Amino acid sequence: MRSHGPLPGRGKVLRAVAVAAGAQATSRHDFSGTLRQDQDPGDAKETHRVCSFSHAEQARDVYWLKSNVAWYFSFSRQSCRLFFSEDPIKIVRARGQYLYDENGVEYLDCISNVQHVGHCHPLVTKAAAAQMELLNANSRFLHDNIVHYATRLAATLPPKLSVFYFVNSGSEANDLALRLARQHTQNEDVVVLDHAYHGHLTSLIDISPYKFRKLGRQKEWVHVAPLPDTYRGEFRETHPDPAQAYADTVKEVIDQVHSKGRKVAAFFAESLPSVGGQIIMPYGYCSKVAEYVHAVGGVYVADEVQTGFGRVGSHYWAFQLQGEAFCPDIVTMGKPMGNGHPLACVVTTAEIAKAFTDNGVEYFNTFGGNPVSCAVGLAVLDVIEKENLMANALRVGGHLKELLTELQSRHAMMGDVRGVGLFLGFELVKDQTERTPATEEAAFLLRLRERQICVSTDGPWESVVKFKPPMCFSMVDAERVVGNIDEILADKFPGIRGCSMWGLKHLIQKTKVRRGERFLSNVVSHP
């Protein structure tokens, strides 16, 4: 790490400024001009221990200090994009749907879809520790865990999806899916949806408009179809058949590909586009697209990295929302699969797997499907089943969506509320007619963090506030979030009448879905 010069009057070089210590140390006058050269810059506690200098020195050097704190934030952004990057939170422990910073402050987590069954779930951590103590070997040795895990997963999928390739991340899974599709079809081109994101590998940046548009390049073998967004897209909620209309746009893209003498290997799409803005595809869209793709010899790849494992509540996989008649040719899964442990998978048909095997290039994965990873994966499946988390996603997600819809009727800025289960989002707009994205207003809602609630935004204009919390999210959590959103909107935009905490309480009582859970502790009685 490069140096940025000595503190005035010190003569020693500050190696780095600890992110978590920055704001607090300045106010407590406990920064030192000399951090040990071997000190971990992320260790805020140790930084506080070795740091102390006089108030006079602190006053003299405050400008230098602030500039170096700013430099450290800038440096960290080069390698990692942080939540709340202007004032990041240092999280030291977590449990369930709650995060705790180094001062013991509790935050409600509406972001972490990776920690699917809850942060640090004891059954998952015990399974990992027990298997780690017994064996963790290269997955090219025989072991029962991988067989048991594949069998359990197969029971949740259509019968034709029967061959499993275990890998370590969603990006790795999508890259392998691309290889499978190309080997099977002997074609190269891929059709993707606008604003899509499928991973950070070079091959996946190439098929992710969310990324490659920022780089100003699009490969000739990549073709982009419109996002089937019935709120903001070309065919909206008033269209008589938006599924057919949007599917026909994919056919038009395929026809253009063939007119250039090229051939389609795959249509690649998230079952519910997330980065695109928490989009719910119109029913029937995927079946029609699959029909068009199959007609030209291509395959349909469903990216379930963010949406699988019961998040939608009614089904185990989001593609199943399209009906029993629809089945992708390849499905990828990741993020929630290991509840934070690196675990992902590609599942496909025997026919596609055979074409991949027959190419003469052996495939193996050193860590994918190792005994510990599979023990973790099995434990996650057990928790989903034993704690009835799919039903919880349906019940709590439905309640959260209903409360947000009530806010929509009272806040003109609430343009759309959409989602299913615990995959939800609401879009802010400057006006209801033109539906102009309210990007700055959505960013303002990130100030929920000041109320110990963590949310984030997404969508092409970052105007969608999204909810993908751990699946143990509760009714009380949902009520707390919506109550605070209402207060922030009403305070920031006083010209728009909020529904008031009393109004929310009345709604909750009216809908009779509280099921005995206590209401928000901070609800005030209506005068």
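Placed above this text is the structure.
A brief report on the enclosed structure follows. Source: prediction; values computed, not measured. (Residues numbered from 1 in each chain as written. Predicted model: local features only at pLDDT ≥ 70, side-chain atom pairs only at ≥ 80, totals over all residues. Heavy atoms only, no water.)

Taken in spatial order, the 4 strands line up as 1-2-3-13 in an open sheet, and their pairing is mixed. Among the strands making up the open sheet, the edge pair consists of strand 1 (91-95) and strand 13 (453-454). In terms of strand pairing, strand 1 meets strand 2 (residues 98-101) through 4 bridges, oriented antiparallel. Of the residues in strand 2, the one forming a bridge with Arg 93 is Tyr 100. (Pairing = 2+ DSSP bridges. Helix = DSSP H or I, 4+ residues; strand = E, 2+ residues; numbered from the N terminus.)

It is the contact of helix 13 (residues 389-408) with helix 15 (residues 475-492), at a shortest axis distance of 9 Å, that shows an interaxial angle of 20°. Judged on the interaxial angle alone, helix 15 and helix 13 are roughly parallel. Considering the relative orientation of helix 13 and helix 15, their crossing is right-handed. Touching Arg 395, Val 396, His 399, Leu 400, Leu 403, Leu 404 and Leu 407 of helix 13 are Met 475, Ala 478, Glu 479, Val 482, Ile 485 and Asp 486, all from helix 15. Per-class residue counts for the contact of helix 13 with helix 15 are 9 nonpolar, 1 polar and 3 charged. (Axes fitted to C-alpha atoms, helices over the stretch in contact; angles between N-to-C directions. Parallel < 35°, antiparallel > 145°, perpendicular 65-115°, else oblique. Left-handed = near helix turned anticlockwise from the far one by under 90°. Contact = heavy atoms within 4.5 Å. Nonpolar A, V, L, I, M, F, W, Y, C, P; charged D, E, K, R; others polar.)

Geometry of a packed helix pair, given as the angle between the helix axes and the separation of the axes. The contact between helix 9 (residues 242-259) and helix 10 (residues 285-295) brings their axes to 8 Å, and the two run at 25°. In terms of orientation, helix 9 and helix 10 fall into the roughly parallel class. Taken as a pair, helix 9 and helix 10 cross one another with a handedness that is right-handed. Touching Ala 243, Gln 244, Tyr 246, Ala 247, Asp 248, Val 250, Lys 251 and Ile 254 of helix 9 are Tyr 285, Lys 288, Val 289, Tyr 292 and Val 293, all from helix 10. For the contact of helix 9 with helix 10, the per-class residue count stands at 9 nonpolar, 1 polar and 3 charged.

Moving on, we get to the environment of Phe 84. Here Phe 84 is to be found in the loop between helix 3 (55-79) and strand 1. Between the C-alpha atom of Phe 84 and that of Ser 456, which follows or precedes it by 372 residues, the distance is 8.9 Å. Setting aside anything within four residues of it in sequence, one finds Phe 84 in contact with Ile 89, Leu 446, Arg 449, Cys 454 and Val 455.

Before going further, it helps to examine the packing of aromatic side chains. In total, this model carries 15 aromatic pairs according to the counting rule given. The interplanar angle of 50° and the centroid separation of 5.1 Å between the aromatic rings of Phe 267 and Tyr 300 together place this pair among those described as tilted. Remark: Tyr 300 occurs in strand 8 (residues 299-303) and Phe 267 occurs in strand 7 (residues 264-270); sequence separation between them is 33 residues. When sorted by exposure, Phe 267 lands in the same class as Tyr 300, which is buried. One aromatic cluster is present, formed by Phe 267, Tyr 300, Phe 319 and Phe 326 through successive ring pairs. (Phe/Tyr/Trp six-rings, centres within 6.5 Å; stacked < 30°, edge-to-face > 60°. Buried < 20%, exposed > 50% of the residue type's maximum accessible area, 1.4 Å probe, protein only.)

The next subject is the side chain of Asn 370. Among the secondary structure elements, Asn 370 is positioned in the loop between helix 11 (350-357) and helix 12 (371-386). Given a relative accessible area of 6%, Asn 370 falls into the buried group. Reaching out from Asn 370, the side chain makes a polar contact with the backbone nitrogen of Ser 373 at a distance of 2.9 Å. Beyond its immediate sequence surroundings of up to four residues, Asn 370 is in contact with Asn 136, Ala 137 and Ser 139. (Polar contact = N/O pair within 3.5 Å; in protein donor to acceptor, adjacent residues only side chain to side chain.)

Function-wise, these values are silent; they only describe arrangement.
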